[in-house]
Amino acid sequence: MAAPSQPHQATYEAIVIGAGIQGSFAAYHLAQRHRDTLLLEQFILPHSRGSSHGQSRITRSAYPRAPYARMMPDSFRLWQRLEAEGRSTSQASPVPPCLGFPQGQRKRGGLRGERARGELTWLAGFPGLRLHAGEVAVWDGTGGVLFADRALRAVQDVFRRHGGTLRDGEKVLHIEPGAVLTITTAAGVYRAPQLIIAAGAWTGALVAPLGLRLPLQPLRIDVCYWREKEPGSSGAGRACPCFMALGLSRAPHGIYGLPALEYPGLVKVCYHHGSPTDPEKRDRDWVPLGAPHPDIALLSSFISSYLPGLEPRPAVVETCLYTVRP
(Lines give C-alpha, C1' and ligand atoms only; values in the text may rest on other atoms or scores of the structure.)
Protein backbone atom coordinates (compact mmCIF):
# COMPACT_ATOMS: atom_id res chain seq x y z
CA MET A 1 0.00 0.00 0.00
CA ALA A 2 1.41 3.37 -0.98
CA ALA A 3 2.22 5.96 1.68
CA PRO A 4 -0.21 8.90 1.95
CA SER A 5 2.45 11.19 0.51
CA GLN A 6 2.56 9.06 -2.64
CA PRO A 7 -1.05 8.81 -3.89
CA HIS A 8 -1.88 6.55 -6.80
CA GLN A 9 -2.30 8.36 -10.10
CA ALA A 10 -3.35 6.76 -13.34
CA THR A 11 -5.51 7.20 -16.43
CA TYR A 12 -7.94 4.55 -17.64
CA GLU A 13 -10.44 4.17 -20.45
CA ALA A 14 -13.24 3.60 -17.94
CA ILE A 15 -13.77 3.72 -14.18
CA VAL A 16 -16.49 1.87 -12.27
CA ILE A 17 -17.37 2.92 -8.72
CA GLY A 18 -18.76 0.10 -6.61
CA ALA A 19 -17.65 -3.55 -6.67
CA GLY A 20 -20.94 -5.20 -5.84
CA ILE A 21 -22.49 -7.55 -8.38
CA GLN A 22 -23.70 -4.71 -10.65
CA GLY A 23 -20.41 -2.80 -10.70
CA SER A 24 -18.29 -5.93 -10.93
CA PHE A 25 -20.23 -7.24 -13.93
CA ALA A 26 -20.10 -3.81 -15.63
CA ALA A 27 -16.32 -3.76 -15.16
CA TYR A 28 -16.05 -7.37 -16.36
CA HIS A 29 -17.89 -6.59 -19.62
CA LEU A 30 -15.75 -3.49 -20.21
CA ALA A 31 -12.53 -5.45 -19.68
CA GLN A 32 -13.85 -8.23 -21.91
CA ARG A 33 -14.19 -5.58 -24.63
CA HIS A 34 -10.51 -4.67 -24.12
CA ARG A 35 -11.23 -1.43 -22.25
CA ASP A 36 -8.56 -0.53 -19.69
CA THR A 37 -10.86 -0.43 -16.66
CA LEU A 38 -10.49 0.51 -12.99
CA LEU A 39 -12.98 -0.91 -10.46
CA LEU A 40 -13.11 1.02 -7.17
CA GLU A 41 -14.61 -0.25 -3.90
CA GLN A 42 -14.77 1.84 -0.72
CA PHE A 43 -14.57 -1.15 1.67
CA ILE A 44 -11.97 -3.91 1.96
CA LEU A 45 -13.21 -6.98 0.07
CA PRO A 46 -15.03 -9.15 0.94
CA HIS A 47 -17.41 -7.15 3.11
CA SER A 48 -21.01 -7.25 4.34
CA ARG A 49 -21.89 -3.55 4.16
CA GLY A 50 -23.85 -3.44 0.90
CA SER A 51 -26.30 -5.56 -1.09
CA SER A 52 -24.13 -8.25 -2.69
CA HIS A 53 -22.76 -10.16 0.30
CA GLY A 54 -23.96 -13.45 1.69
CA GLN A 55 -23.73 -16.99 0.47
CA SER A 56 -27.00 -17.53 -1.38
CA ARG A 57 -29.45 -15.90 -3.76
CA ILE A 58 -32.41 -17.26 -5.73
CA THR A 59 -32.06 -17.50 -9.51
CA ARG A 60 -35.19 -18.04 -11.62
CA SER A 61 -37.02 -17.33 -14.85
CA ALA A 62 -40.47 -16.70 -13.37
CA TYR A 63 -41.17 -13.06 -12.51
CA PRO A 64 -44.44 -11.18 -12.05
CA ARG A 65 -43.06 -8.40 -14.28
CA ALA A 66 -42.64 -9.36 -17.93
CA PRO A 67 -39.46 -7.31 -18.65
CA TYR A 68 -37.53 -9.33 -16.06
CA ALA A 69 -38.79 -12.64 -17.43
CA ARG A 70 -37.75 -11.58 -20.96
CA MET A 71 -34.22 -10.78 -19.75
CA MET A 72 -33.65 -14.14 -18.08
CA PRO A 73 -32.61 -16.27 -21.10
CA ASP A 74 -29.79 -13.80 -21.83
CA SER A 75 -28.93 -13.67 -18.14
CA PHE A 76 -28.54 -17.44 -17.88
CA ARG A 77 -26.33 -17.45 -20.99
CA LEU A 78 -24.10 -14.79 -19.42
CA TRP A 79 -23.78 -16.83 -16.23
CA GLN A 80 -22.81 -19.85 -18.32
CA ARG A 81 -20.18 -17.77 -20.11
CA LEU A 82 -18.74 -16.69 -16.77
CA GLU A 83 -18.68 -20.30 -15.57
CA ALA A 84 -16.78 -21.27 -18.72
CA GLU A 85 -14.21 -18.53 -18.07
CA GLY A 86 -13.77 -18.98 -14.35
CA ARG A 87 -14.78 -21.06 -11.40
CA SER A 88 -18.27 -22.51 -11.08
CA THR A 89 -20.82 -20.14 -9.55
CA SER A 90 -23.64 -22.60 -8.89
CA GLN A 91 -24.28 -25.60 -6.69
CA ALA A 92 -22.27 -28.71 -7.45
CA SER A 93 -25.12 -30.92 -6.25
CA PRO A 94 -28.68 -30.82 -7.63
CA VAL A 95 -30.38 -27.56 -6.67
CA PRO A 96 -34.06 -27.44 -5.77
CA PRO A 97 -36.21 -25.45 -8.18
CA CYS A 98 -38.23 -22.37 -7.30
CA LEU A 99 -41.86 -22.34 -6.42
CA GLY A 100 -43.90 -19.17 -6.23
CA PHE A 101 -47.27 -19.41 -4.59
CA PRO A 102 -49.28 -16.30 -5.41
CA GLN A 103 -52.64 -15.67 -3.83
CA GLY A 104 -55.34 -14.59 -6.26
CA GLN A 105 -52.88 -13.69 -9.03
CA ARG A 106 -53.93 -16.20 -11.66
CA LYS A 107 -56.45 -13.80 -13.25
CA ARG A 108 -53.91 -10.95 -13.26
CA GLY A 109 -51.29 -12.69 -15.33
CA GLY A 110 -49.67 -14.75 -12.59
CA LEU A 111 -45.97 -15.41 -12.72
CA ARG A 112 -44.56 -14.82 -16.17
CA GLY A 113 -41.77 -17.00 -17.54
CA GLU A 114 -41.21 -18.98 -20.67
CA ARG A 115 -40.30 -22.10 -18.71
CA ALA A 116 -42.85 -22.02 -15.90
CA ARG A 117 -44.11 -25.58 -15.48
CA GLY A 118 -47.75 -24.85 -14.69
CA GLU A 119 -49.90 -24.57 -11.62
CA LEU A 120 -49.94 -27.07 -8.78
CA THR A 121 -52.98 -27.28 -6.57
CA TRP A 122 -51.11 -29.15 -3.88
CA LEU A 123 -47.46 -29.81 -3.05
CA ALA A 124 -47.23 -33.49 -2.18
CA GLY A 125 -43.53 -33.47 -3.11
CA PHE A 126 -42.75 -30.62 -0.71
CA PRO A 127 -44.37 -31.47 2.61
CA GLY A 128 -42.65 -28.55 4.35
CA LEU A 129 -44.77 -26.04 2.41
CA ARG A 130 -48.42 -25.65 3.29
CA LEU A 131 -50.83 -23.85 0.98
CA HIS A 132 -54.33 -22.70 1.87
CA ALA A 133 -57.68 -22.68 0.09
CA GLY A 134 -57.66 -20.55 -3.07
CA GLU A 135 -53.85 -20.41 -3.33
CA VAL A 136 -51.89 -21.92 -6.20
CA ALA A 137 -48.23 -22.57 -6.94
CA VAL A 138 -46.25 -21.98 -10.11
CA TRP A 139 -43.29 -24.26 -10.72
CA ASP A 140 -40.14 -22.82 -12.32
CA GLY A 141 -37.89 -25.68 -13.36
CA THR A 142 -35.02 -23.28 -14.20
CA GLY A 143 -34.82 -21.89 -10.67
CA GLY A 144 -32.43 -22.65 -7.89
CA VAL A 145 -29.66 -21.30 -5.68
CA LEU A 146 -26.76 -19.15 -6.82
CA PHE A 147 -23.87 -18.82 -4.38
CA ALA A 148 -23.52 -15.03 -4.17
CA ASP A 149 -20.10 -14.74 -2.52
CA ARG A 150 -18.56 -17.25 -4.93
CA ALA A 151 -20.19 -15.54 -7.91
CA LEU A 152 -18.86 -12.13 -6.87
CA ARG A 153 -15.34 -13.48 -6.41
CA ALA A 154 -15.55 -15.29 -9.74
CA VAL A 155 -16.55 -12.23 -11.77
CA GLN A 156 -13.87 -10.12 -10.06
CA ASP A 157 -11.23 -12.79 -10.72
CA VAL A 158 -12.15 -12.98 -14.41
CA PHE A 159 -12.22 -9.15 -14.62
CA ARG A 160 -8.60 -9.06 -13.39
CA ARG A 161 -7.67 -11.90 -15.73
CA HIS A 162 -8.88 -9.69 -18.61
CA GLY A 163 -6.46 -6.97 -17.46
CA GLY A 164 -8.79 -5.00 -15.19
CA THR A 165 -7.58 -3.23 -12.05
CA LEU A 166 -9.51 -3.65 -8.79
CA ARG A 167 -8.73 -1.35 -5.89
CA ASP A 168 -10.63 -1.88 -2.65
CA GLY A 169 -10.49 0.19 0.52
CA GLU A 170 -10.62 3.39 -1.57
CA LYS A 171 -13.59 5.60 -0.80
CA VAL A 172 -14.40 8.12 -3.54
CA LEU A 173 -14.14 11.65 -2.13
CA HIS A 174 -14.76 13.79 -5.20
CA ILE A 175 -15.89 13.48 -8.82
CA GLU A 176 -14.86 16.26 -11.18
CA PRO A 177 -16.85 16.15 -14.44
CA GLY A 178 -15.37 16.91 -17.84
CA ALA A 179 -14.43 15.34 -21.15
CA VAL A 180 -11.99 13.40 -18.98
CA LEU A 181 -13.38 12.90 -15.49
CA THR A 182 -11.18 13.10 -12.41
CA ILE A 183 -11.96 10.76 -9.52
CA THR A 184 -10.28 11.50 -6.20
CA THR A 185 -10.26 8.72 -3.61
CA ALA A 186 -8.78 8.33 -0.15
CA ALA A 187 -5.64 6.92 -1.76
CA GLY A 188 -5.31 8.33 -5.26
CA VAL A 189 -6.42 10.39 -8.24
CA TYR A 190 -7.68 8.66 -11.38
CA ARG A 191 -8.85 9.94 -14.75
CA ALA A 192 -11.02 8.44 -17.46
CA PRO A 193 -13.36 9.61 -20.24
CA GLN A 194 -16.08 7.20 -19.02
CA LEU A 195 -17.50 6.65 -15.54
CA ILE A 196 -20.06 4.12 -14.31
CA ILE A 197 -21.50 4.60 -10.81
CA ALA A 198 -22.82 1.41 -9.19
CA ALA A 199 -22.51 2.52 -5.58
CA GLY A 200 -25.84 1.15 -4.37
CA ALA A 201 -27.06 2.84 -1.21
CA TRP A 202 -24.24 5.40 -1.39
CA THR A 203 -25.15 6.59 -4.91
CA GLY A 204 -27.38 9.48 -3.81
CA ALA A 205 -24.74 11.05 -1.59
CA LEU A 206 -22.04 10.45 -4.19
CA VAL A 207 -23.80 12.31 -7.02
CA ALA A 208 -25.50 15.06 -4.96
CA PRO A 209 -22.44 17.37 -5.19
CA LEU A 210 -22.80 17.14 -9.00
CA GLY A 211 -26.31 18.62 -8.77
CA LEU A 212 -28.04 15.27 -9.31
CA ARG A 213 -30.93 14.67 -6.92
CA LEU A 214 -31.85 11.04 -7.50
CA PRO A 215 -34.92 9.69 -5.67
CA LEU A 216 -33.08 6.70 -4.21
CA GLN A 217 -34.12 5.30 -0.84
CA PRO A 218 -31.82 2.84 0.96
CA LEU A 219 -33.70 0.22 2.99
CA ARG A 220 -32.32 -1.88 5.83
CA ILE A 221 -33.45 -5.48 5.28
CA ASP A 222 -33.61 -8.13 7.98
CA VAL A 223 -32.13 -11.37 6.63
CA CYS A 224 -33.61 -14.04 8.92
CA TYR A 225 -32.70 -17.68 9.46
CA TRP A 226 -35.19 -20.07 11.10
CA ARG A 227 -34.36 -23.33 12.89
CA GLU A 228 -35.83 -26.63 11.71
CA LYS A 229 -37.96 -28.46 14.25
CA GLU A 230 -36.67 -31.71 12.72
CA PRO A 231 -32.91 -31.32 12.04
CA GLY A 232 -31.92 -32.01 8.44
CA SER A 233 -35.42 -31.75 7.00
CA SER A 234 -34.81 -28.66 4.84
CA GLY A 235 -31.31 -29.01 3.44
CA ALA A 236 -30.33 -28.90 -0.22
CA GLY A 237 -30.61 -32.67 -0.55
CA ARG A 238 -34.14 -32.81 0.85
CA ALA A 239 -37.52 -31.78 -0.59
CA CYS A 240 -37.18 -28.09 0.22
CA PRO A 241 -37.30 -25.66 -2.71
CA CYS A 242 -36.56 -21.99 -3.05
CA PHE A 243 -39.84 -20.11 -3.04
CA MET A 244 -41.46 -16.71 -3.42
CA ALA A 245 -44.82 -15.95 -1.84
CA LEU A 246 -46.57 -13.13 -3.70
CA GLY A 247 -49.89 -11.37 -3.29
CA LEU A 248 -50.34 -12.05 0.41
CA SER A 249 -52.49 -9.40 2.08
CA ARG A 250 -50.15 -9.00 5.06
CA ALA A 251 -46.95 -9.07 2.99
CA PRO A 252 -47.51 -6.88 -0.09
CA HIS A 253 -43.82 -6.88 -1.02
CA GLY A 254 -43.50 -10.65 -0.97
CA ILE A 255 -41.65 -13.24 1.12
CA TYR A 256 -38.91 -15.52 -0.17
CA GLY A 257 -37.00 -18.49 1.19
CA LEU A 258 -34.10 -20.85 0.48
CA PRO A 259 -33.07 -24.26 1.86
CA ALA A 260 -30.71 -24.66 4.82
CA LEU A 261 -27.41 -23.99 3.06
CA GLU A 262 -25.57 -21.20 4.87
CA TYR A 263 -26.08 -22.33 8.46
CA PRO A 264 -26.75 -26.04 9.16
CA GLY A 265 -30.36 -26.51 10.15
CA LEU A 266 -31.35 -22.88 9.54
CA VAL A 267 -33.67 -22.01 6.64
CA LYS A 268 -33.43 -18.52 5.12
CA VAL A 269 -36.83 -16.79 4.96
CA CYS A 270 -36.99 -13.01 4.46
CA TYR A 271 -39.42 -10.20 3.77
CA HIS A 272 -38.71 -8.45 0.46
CA HIS A 273 -38.86 -4.99 2.04
CA GLY A 274 -37.38 -3.05 4.93
CA SER A 275 -37.02 0.19 6.85
CA PRO A 276 -35.56 3.45 5.46
CA THR A 277 -31.97 3.94 6.61
CA ASP A 278 -28.79 5.91 6.06
CA PRO A 279 -26.13 3.44 4.88
CA GLU A 280 -23.56 5.15 7.08
CA LYS A 281 -25.77 4.65 10.15
CA ARG A 282 -27.51 1.35 9.51
CA ASP A 283 -25.78 -0.42 12.42
CA ARG A 284 -27.14 2.25 14.76
CA ASP A 285 -30.64 1.44 13.45
CA TRP A 286 -30.33 -2.13 14.70
CA VAL A 287 -33.22 -3.29 16.87
CA PRO A 288 -32.44 -5.96 19.53
CA LEU A 289 -33.92 -9.33 18.58
CA GLY A 290 -36.26 -9.37 21.56
CA ALA A 291 -37.65 -5.90 20.85
CA PRO A 292 -40.84 -5.37 18.78
CA HIS A 293 -40.06 -5.52 15.08
CA PRO A 294 -42.94 -5.46 12.55
CA ASP A 295 -41.12 -7.24 9.70
CA ILE A 296 -39.96 -10.10 11.91
CA ALA A 297 -43.44 -10.41 13.44
CA LEU A 298 -44.85 -10.62 9.89
CA LEU A 299 -42.37 -13.40 9.05
CA SER A 300 -43.12 -15.30 12.26
CA SER A 301 -46.81 -15.33 11.35
CA PHE A 302 -45.95 -16.54 7.83
CA ILE A 303 -43.72 -19.32 9.19
CA SER A 304 -46.48 -20.56 11.50
CA SER A 305 -49.02 -20.57 8.69
CA TYR A 306 -47.01 -21.81 5.69
CA LEU A 307 -43.85 -23.50 7.04
CA PRO A 308 -44.92 -25.36 10.18
CA GLY A 309 -41.70 -27.37 10.22
CA LEU A 310 -39.73 -24.31 11.33
CA GLU A 311 -39.53 -22.65 14.71
CA PRO A 312 -41.55 -19.41 14.60
CA ARG A 313 -38.75 -17.26 16.08
CA PRO A 314 -35.60 -16.48 14.04
CA ALA A 315 -32.36 -18.02 15.26
CA VAL A 316 -30.12 -15.55 13.36
CA VAL A 317 -30.88 -12.08 12.00
CA GLU A 318 -28.41 -10.34 9.68
CA THR A 319 -28.83 -7.17 7.61
CA CYS A 320 -28.64 -6.23 3.95
CA LEU A 321 -29.23 -2.98 2.06
CA TYR A 322 -31.71 -2.48 -0.77
CA THR A 323 -31.68 0.71 -2.81
CA VAL A 324 -35.11 1.45 -4.26
CA ARG A 325 -36.74 4.18 -6.32
CA PRO A 326 -40.38 5.28 -6.42
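Reference entry: report on the structure contained in this document. (Residues numbered from 1 in each chain as written. Predicted model: local features only at pLDDT ≥ 70, side-chain atom pairs only at ≥ 80, totals over all residues. Heavy atoms only, no water.)

Remarks on a nonpolar patch on the surface
As a reminder, the rule being used: To count toward a patch, a residue needs a relative accessible area above 30% and no salt bridge. Like charges then connect within 9 Å, nonpolar side chains (Val, Leu, Ile, Met, Phe, Trp, Tyr) within 5 Å. The Shrake-Rupley method, run with a 1.4 Å probe sphere, supplies the accessible areas, and residue values consider only the shown protein chains as cover. Each reported salt bridge corresponds to a side-chain nitrogen of Lys or Arg within 4 Å of a carboxyl oxygen of Asp or Glu. Numbering of helices and strands runs from the N terminus; a helix is a DSSP stretch of H or I covering at least four residues, while a strand is a stretch of E covering at least two.
The grouping of Leu-210, Leu-212, Leu-214 and Leu-216 at the surface amounts to a nonpolar patch, some 290 Å² of accessible area in total. Tracing the backbone through its elements, the reader meets Leu-210 in the loop between helix H4 (203-207) and strand S14 (217-228).

Section: the pairing of strand S17 (residues 266-271)
The criterion, for reference: Here's how the labels work: a residue is buried when its accessible area is under 20% of the maximum for its type, exposed when over 50%, partly exposed in between, all with a 1.4 Å probe on protein chains only. Pairing between strands is defined by DSSP: at least two bridges between the two strands are required.
S17 sits mainly inside the fold: six of its six residues count as buried. The two faces of S17 match: Leu-266, Lys-268 and Cys-270 on one face and Val-267, Val-269 and Tyr-271 on the other face are all buried. With five bridges joining them, strand S16 (residues 255-263) and S17 adopt antiparallel strand pairing. Residue pairing in the sheet places Gly-257 in a bridge with Val-269 of S17. Between the antiparallel neighbours S16 and S17 lie two residues, among them Gly-265 with a positive phi of about 80 degrees.

Examining unusual backbone geometry
The linkage connecting Leu-45 with the following residue, Pro-46, adopts the cis geometry, with an omega of -10 degrees. Mapping Pro-46 onto the fold places it in the loop between strand S3 (37-41) and strand S4 (56-59). The backbone phi angle of His-34 is positive, close to 65 degrees, even though this residue is not glycine. Along the chain, His-34 falls in the loop between helix H1 (21-32) and S3. Owing to a relative accessible area of 70%, His-34 belongs among the exposed residues under this scheme.

Considerations on helix H2 (residues 66-85)
Convention followed: Helix span, expected: 1.5 Å multiplied by one less than the number of residues in the helix. Across the chain, bend at a residue is computed as the angle between axes fitted to the seven residues ending at that point and the seven starting from it. A contact between two residues is defined here by any heavy atoms of the two lying within 4.5 Å.
For H2, built from 20 residues, the straight-helix expectation of 28 Å at 1.5 Å per residue is met to within 8% by its first-to-last C-alpha distance of 30 Å. The largest bend along H2 reaches roughly 40 degrees and is located at Met-72, with the proline Pro-73 sitting one to four residues downstream. Those residues of H2 that fall on the buried side of the exposure criterion are Ala-69, Met-72, Phe-76, Trp-79 and Leu-82. Those residues of H2 that are buried lie in contact with H1, S4, strand S8 (144-147) and helix H3 (148-161).

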